[in-house]
Amino acid sequence: MNVPKEIEAEIDERITHYPVSKRSAALPVLHSLQEHFGYVTEEAVEWVAAKLDLEPINILELVTFYPGFRQSAPGKYHIRVCRTLSCAMEGSYELMEKLCQEAKIDRSEVSHHHPIAVSEDGKFSIEFAECLASCGTGPVCLVNDDFHEAVEPAKADKLLKQYD
Amino acid sequence: MSEANDKVNVQIDGEWHQFPKGTRMIEACRLAGKEIPHYCYHPKLSSPGNCRMCLVEMGMPPRPRPGEDPPKPDKDGHLPIQWIPRPAISCANTIAEGMGIRTDSQLTNECRHGVMEFLLINHPLDCPICDQAGECRLQEFSVEFGTGGSRFREKKVKKPKNVDIGPRIRLDDERCIMCSRCIRFCQEVADDDVLGFTDRGSHTVLGVHPGKELSNNYGLNTVDICPVGALTSNDFRFQMRVWFLKETNSICTSCGRGCNIIAGAREDKLYRLTPRDNNEVNSSWMCDYGRLNFHFLTSEARLTDPMILEHRAHRIARWSEAVGRAAEKLKEFDASKIAIIASGRMTNEELFMARRLGETLGIEKIAIVPRSGEADDYLVSADKNPNTRGARLILGKKVDKQLKEIAAGVKKGTITALIALDENLLKCGFEEDTLKKLDLLISSHILANPTASLSHVVFPSTATVAEKRGTMINRTGRLQRLNQAIDPPGQAMDLWEILRDLAQALGGSNGVYLLEDVFKLMAGTIKEFEGLSLGKIGDQGLPLLKPKESIPLLERERERIEKGIIVG
Amino acid sequence: MSKANAINYKKGKEPHAREYRLVFKNVDRKGWDPGIDCYLQDGGYRELKKALLMDPVDITEDVKKSGLRGRGGAGFPTGVKWGFIPPNNTKPVYLICNADESEPGTFKDRYIIHQDPHQLLEGMIISCFATGANLAYIYIREEFPEGARILEKAIEECHQKGFLGKNILKSKFDLEIFVHRGAGAYICGEETGLIESLEGKRPYPRIKPPYFPAALGLYMCPTIVNNVESLCNVKHIIAMGGDAFAKLGTARNTGTRVLCVSGDVVNPGYFEVEVGHITMGELIHDLCGGLKPGRKLKAVIPGGSSAKVLRAGEKFKIKKGDQEIEIGIEDIPMDFDTLMACGSMAGSGGVIVIDDSRKASWILNNINEFYAHESCGQCTPCREGSLWMKKITDRITRGEASPDDVETLESVAFNIDGKTICAFGEACAWPTESFVAKFREEFLADTSEKYDDAILNPETELAAAHLSSET
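All figures in this text were calculated on a predicted structure; none of them were measured in a lab. (Residues numbered from 1 in each chain as written. Chains lettered and ligands numbered in written order. Predicted model: local features only at pLDDT ≥ 70, side-chain atom pairs only at ≥ 80, totals over all residues. Heavy atoms only, no water.)

Draft legend 1. Layout of the overall build of chain B. A tally of regular secondary structure across chain B gives 17 helices and 23 strands. Across its three principal directions, the C-alpha atoms of chain B cover 100 × 60 × 35 Å. Going through the 568 residues of chain B one by one, you find that 59% of them count as buried. Expressed as a percentage of contacts within chain B between residues at least 6 apart in sequence, the contacts between residues at least 24 apart total 68%. Surface accessibility of chain B: about 23700 Å² in total, with carbon and sulfur atoms responsible for 49%. One way to put it: in chain B the 78 positive side-chain charges average out to a point 2 Å from where the 77 negative ones average out. (Helix = DSSP H or I, 4+ residues; strand = E, 2+ residues; numbered from the N terminus. Buried < 20%, exposed > 50% of the residue type's maximum accessible area, 1.4 Å probe, protein only. Contact = heavy atoms within 4.5 Å. Areas by Shrake-Rupley, 256 points an atom, 1.4 Å probe, with all protein chains shown as cover. Lys, Arg positive; Asp, Glu negative; His and termini not counted. Charge placed at Lys NZ, Arg CZ, Asp CG, Glu CD.)

Right, here's the structure in full:
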């Protein structure tokens, strides 16, 4: 695995935020790697463990616990649709369905262990996320780091067009 | 602080008791004769309080509100108890003055029933083919707190089965109840942070990182402390149902530590060794090497009959004939020409009988074969003989050094007769050619070996592990008892018996009939044993000699007890 | 508020007349930006300067006097929490801002973080000074990536202005604040789970006792974990004094509260009001524009999805002075104590309004799915029970459940409630307990006795499968 120098420098800087215990930097380091590589590979787990003087299992324990870390490659644009109550009441399931239709994503294989579905062309990937804390403006979703609120299911195509 | 101040008054199921300050609730209840069911709690490990099986109803004296009168004590001086509606875990909480605990109340029982049901809903009910059956804590507590049927109508969570997590251990994740005992053992005791939980919630699975394995020399302890059938030993699984095993308390003889063990056997076959608690020796653990070092008992090379060399070939002989032949031959030698090679693997009683034989014949050259290897930072001692200290006490301090002199004597021809007890001389400085020069070689062995092949008389002896009774002194000077779990194969006999018979054949009746007689003689001869008997030693052994080394694992455990991390 | 007149808000985002904007003063403000210059022009960091001249003990006293109760969910008095740091402590003290806002129905911290980060930082710096913390973290949920960047920029700006770093404003007080991003776990909102997460471990909540954060928190040192809104309030307590702050709201329920309303109302959103000064009915009908046309109120979840649901038409007995009076759902004043007296809680301030177009089982199933997904899995009742409840409600919504299942569902919740390591047990049990108790007939109507004997996954089949796979 080739971690670019500037990413490693950023990681090293992040580690200094935790003067008491390097282990505390596990999440920030994983975030940096995921931002760069798109997901957390097995190699990345071992890289982080070595970086923080930990056993790889210590890192795998985290990567598999937090849904914020992906273990498979997402699309170029990764969509997270809020599934939780207020958004569901405003139509987040319909939004999910529409987005999948528009982006040609097949979610039939999605399971607890494989929550992410990727479009055939690899451009979009999608998953349900639990409460994104914008319950007053549902349904909401994140596309990569962009937050979108009050996304009417009927306008799913419009949302995707922003990422052409 | 006076003694009274160190004690805390606690009411358990209506009865008041006193326990030392800092006692965990679960331990206080145990001392009061009330076992609290539990899964995650282990006195030698930290307490995460995750299984929730040990929840109990708990109460404290009421705290008066401002302006309210303080509660009045009863005639015995105890304050009333205000019971708390929320149950408390008894494993991690310590007792407090005036506390009340109900181990059999409606609330406590509801908690236990609830937790039992939860633990079983996703657990495969494959007890008939589960290796843990018979010693499974789920089964055990199901009897008291389970129900006949299941209300669970859903699909169970699927998890990995039959996972190879190391050379000696197999994992069934569906059976795992996530108590984390094994993880904590690896982290806290074995310093091998190799196990972990991945995923989360109901999907949580125990495992090792891909490419890593649980292979440390203490790994099998995780199988012992696993309360269910999630972790099983490759060596023991499917060999025998545990309820058929006859359990015998003994000690491990693979090194000078003398870890206390339970030998599990059925019909003269030993199936497993498991550690037995002894906080002065091995805590609750033992190494995998010692644990598995018993399969040679059923080796094809096992000697089962006495043998006599005649016409360049060994033939089977009766005991009386073999002993007679050996005695007859020994009489032909001047004592100065005879030497005895004893073993640090022999029991004190056997060593004492070797000494008696030497005294009977006037032999001065007596040695043991030193065995040193690597110590680890846990339990394993560098001394691979289980009873070096016993040998030095009984045979004298020179026993280690005399081996070289004897080897030289044999080479020079000044020693022409040799008695070798349970030692293969070719592995301790003797050469085949020189041994061939000997006029007489008498030896005892557990397994056939080149020394036996060269011997004029060969005695089949019993193995220290599981086959004999006796005592040994470990590296820390503790006198401990071995007990016999199985009958030895064929005609094999304990060395103390062989030596008794030989001495008798040489010098007439010596009044030794039982092992107890040997111990009595020993206690009358060697001052360290004065006043002792096999019975007095007990299952936990006795400190006899000054410790020659400290036990790293115990040192660290004591530190954790001091810090209150573990109960100990 | 005299100044309120001078503040203009963006069109369509103007606060309701019943609101009292304190913490949300700058949210949706015209011409406002999250930069430090904007904040300073508005008198920002004045309270920090004032606080640094005070005795830290007096600040804690002021916070105690203010009666401020934690805004994260539990409603525990903030000043009392600070006071739990052992008096003879020699270890370092840490302060953690809990910005893991994740209780469904709650969306207040989002706006503070994104629009007014310096208010939070000022409150934090003052709180660190008061508690003696020289290192603090903002644990922000991963789903706020922009928020994390805004906070990091704000911290950088503070360093430039000398509000952070060594010898802050020549007070000899040193402080570093770092932003720590979570990774999508509700359990990290539980303070000991958050601490474990910050230590780089799985966020398994710790048992209490012995691990009360104020004594044995981050790295086993005294640690104060406060919610974003709580910390912002500290700034205002310094500004007006604890006694004056205590006059806002009602007795024991002081200050303001940002209520987040979502669900079936015309105008969902956030409303900062004096605690207890408006009723549920006023909130729904006056501030939120009422229910959608033609709809009737069915129920309200008043404090985040873990709060017990209140049913329209239910009667609640509460104390008013010395008298016990009976009130309806719309009469409930939105404060900690009354909502508790009504059998629910003010929680995190997330109010979810449910109208008569919704099925109770559908709502509960959605909530159960959330908690089953978020259970950390450390302790037995919650790990096993949360998913079991979800599986049962799933069948109820599909019409594949028997009446027995409703009873089982309820008892599963009872078997979780009060028996877990952390409050998640209650959080996941209360929705089921309350929905089943209050909508039992509706649940039962969705079931059929023909499913009485339906065992979806017969044990015998499983056993057979095991036998064949093992041999």
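Draft legend 2. Seen up close, the packing of aromatic side chains. With the rule as written, the count across this model stands at 30 aromatic pairs over all chains. Consider the rings of Tyr66 of chain A and Phe69 of chain A, whose centres lie 6.2 Å apart with planes at 85°: the pair is edge-to-face. We classify Tyr66 of chain A as buried; its relative accessible area is 1%. Since its relative accessible area comes to 5%, Phe69 of chain A is described here as buried. Members of the aromatic cluster, joined through ring pairs, are Trp32, Tyr39, Tyr45 and Phe163 of chain C. Arg21 of chain C extends its terminal NZ or CZ atom over the ring of Tyr9 of chain C, reaching a point 5.4 Å from the ring centre. (Phe/Tyr/Trp six-rings, centres within 6.5 Å; stacked < 30°, edge-to-face > 60°. Lys NZ or Arg CZ within 6 Å of the ring centre and 35° of its normal.)

Draft legend 3. Molecular detail of the interface of chain B and chain A. Listed by partner, the interface residues are 14 residues for chain B and 14 residues for chain A. Buried area between chain B and chain A, summed over both chains or domains, comes out near 1300 Å², and the portion from carbon and sulfur atoms is 55%. It is Asp199, Arg200 and His209 of chain B in chain B that bury the most area against chain A; as a group they hold 46% of the surface buried on that side. Applying the counting rule to chain B against chain A returns one salt bridge. The interface formed by chain B and chain A includes five residue pairs in polar contact (both at pLDDT 80 or more). Breaking the side of chain B that touches chain A down by element, the ones donating at least two residues are β8 (195-198) and β9 (205-208) of chain B. Take the side of chain B that touches chain A: its biggest share by element is four residues, from β8 of chain B. In terms of residue class, the side of chain B that touches chain A is made up of five nonpolar, five polar and four charged. (Buried area = accessible area lost by both parts, 1.4 Å probe. Salt bridge = Lys/Arg side-chain N within 4 Å of Asp/Glu carboxyl O. Polar contact = N/O pair within 3.5 Å; in protein donor to acceptor, adjacent residues only side chain to side chain. Nonpolar A, V, L, I, M, F, W, Y, C, P; charged D, E, K, R; others polar.)

Draft legend 4. Quick peek at the state of the cysteines. All names here are of chain B. Within the structure shown, the criterion is met by zero disulfides over all chains. The structure places no disulfide on Cys259, whose sulfur is separated from the nearest cysteine sulfur, that of Cys252, by 5.9 Å. Looking at the unpaired Cys428, the closest cysteine sulfur is the one in Cys255, lying at 20 Å. (Disulfide = S-S within 2.5 Å.)

Draft legend 5. Fine view of the interface of chain A and chain C. Residue-level contacts link 42 residues of chain A with 58 residues of chain C. With both chains or domains summed, chain A and chain C bury close to 3900 Å², and 57% of this area falls on carbon and sulfur atoms. When the buried area of chain A at its contact with chain C is split by residue, Phe65, Leu85 and Met89 of chain A rank highest and sum to 17% of it. The interface formed by chain A and chain C contains six salt bridges. Across the salt bridge formed by Arg181 of chain C and Glu35 of chain A, the nearest N and O atoms sit 3.3 Å from each other. Between chain A and chain C we count 21 residue pairs in polar contact (both at pLDDT 80 or more) in total. Top element by residues in the side of chain A that touches chain C is helix α2 (residues 26-37) of chain A. It accounts for five residues. Taken together, the residues of the side of chain A that touches chain C break down into 21 nonpolar, eleven polar and ten charged.

Draft legend 6. Local environment of the confidence of the model for chain C. Residues and elements named next belong to chain C. Confidence in the prediction of chain C, expressed as mean pLDDT, is 94, and 95% of residues score 70 or more. Confidence over residues 1-5 falls short of pLDDT 50; this stretch has three contacts with residues more than four positions distant or in other chains. As scored by the predictor, the complex reaches a pTM of 0.95 and an ipTM of 0.97. (pLDDT = per-residue confidence, 0-100.)

Draft legend 7. Representation of the side chain of Arg80 of chain A in the model. Along the polypeptide, Arg80 of chain A turns up in strand β1 (residues 77-82). A distance of 2.9 Å separates a polar atom in the side chain of Arg80 of chain A from a polar atom in the side chain of Glu142 of chain C. In this view, Arg80 of chain A contacts Glu127, Ala129, Leu132, Val140, Cys141 and Leu142 of chain A together with Glu142 and Glu143 of chain C; residues no more than four positions away in its chain are not counted.

Draft legend 8. Here's a closer look at the pattern of salt bridges. Residues and elements named next belong to chain B. As enumerated under the stated definition, the model contains 85 salt bridges over all chains in all. A salt bridge links Arg481 to Asp539, with the shortest nitrogen-to-oxygen separation between them at 3.2 Å. With Arg481 in strand β22 (residues 478-482) and Asp539 in the loop between α16 (534-537) and β23 (542-543), this pair connects stretches of sequence that are 58 residues apart. On the accessibility criterion, Asp539 (36% relative accessible area) is partly exposed.

Draft legend 9. The nonpolar core, seen in detail. Tyr66 of chain A, Leu195 and Leu270 of chain B together with Ile125, Ile177 and Phe435 of chain C are the most contacted members of the largest nonpolar core, which totals 214 residues. It is helix α6 (residues 117-131) of chain C that provides the largest number of residues to this core, a total of eight residues. Non-local contacts of Ile177 of chain C, meaning those with residues more than four positions away in its chain, are made with Leu121, Met124, Ile125, Ala136, Ile138, Ile155 and Leu164 of chain C. Counting residues in each nonpolar core, the second largest holds 57 residues, with Ala326, Ala354, Ile363 and Leu506 of chain B among its members. (Core = buried A, V, L, I, M, F, W, Y, C linked by side-chain atoms within 4.5 Å.)

Draft legend 10. Region of the structure containing the environment of Ile7 of chain A. All names here are of chain A. Locating Ile7 in the fold gives a position in helix α1 (residues 5-15). Judged by its relative accessible area of 13%, Ile7 falls in the buried class. Linking Ile7 and His36, residues 29 residues apart in sequence, is a C-alpha distance of 7.9 Å. Residue contacts for Ile7: discarding those within four places in its chain leaves Ser32 and His36.

Draft legend 11. Representation of helix α16 (residues 403-416) of chain C within the structure. Compared with the 20 Å implied by 1.5 Å per residue over 14 residues, the 21 Å span of α16 of chain C between its first and last C-alpha is a close match. Restricting attention to buried positions, one finds in α16 of chain C the residues Asp405, Val406, Thr408, Leu409, Glu410, Ser411, Val412, Ala413, Asn415 and Ile416 of chain C. Against α2 (106-121) of chain B together with α14 (360-374), α15 (380-398), α17 (424-438) and α18 (440-445) of chain C lie the buried residues of α16 of chain C. Looking one or two residues past α16 of chain C, Gly418 of chain C carries a phi angle of roughly 85°, positive in sign. (Expected span 1.5 Å × (residues − 1).)

Draft legend 12. Structural detail: the sheet that holds strand β5 (residues 99-102) of chain B. All names here are of chain B. Strand order in the open sheet formed by five strands is β2-β1-β5-β3-β4, and the pairing between neighbours is mixed. The sheet is open, and its two edges are formed by β2 (15-20) and β4 (82-89), each paired on a single side. Ignoring strand direction, the axes of neighbouring strands in this sheet form an average angle of 35°. Sheet topology places strand β3 (residues 55-60) next to β5; three bridges connect them, and they run antiparallel. Within β5, the position partnered with Gly59 by the bridge is Gly100. Strands β3, β4 and β5 of the sheet are contacted by α2, whose axis makes an angle of about 150° with β3. (Pairing = 2+ DSSP bridges. Axes fitted to C-alpha atoms, helices over the stretch in contact; angles between N-to-C directions.)

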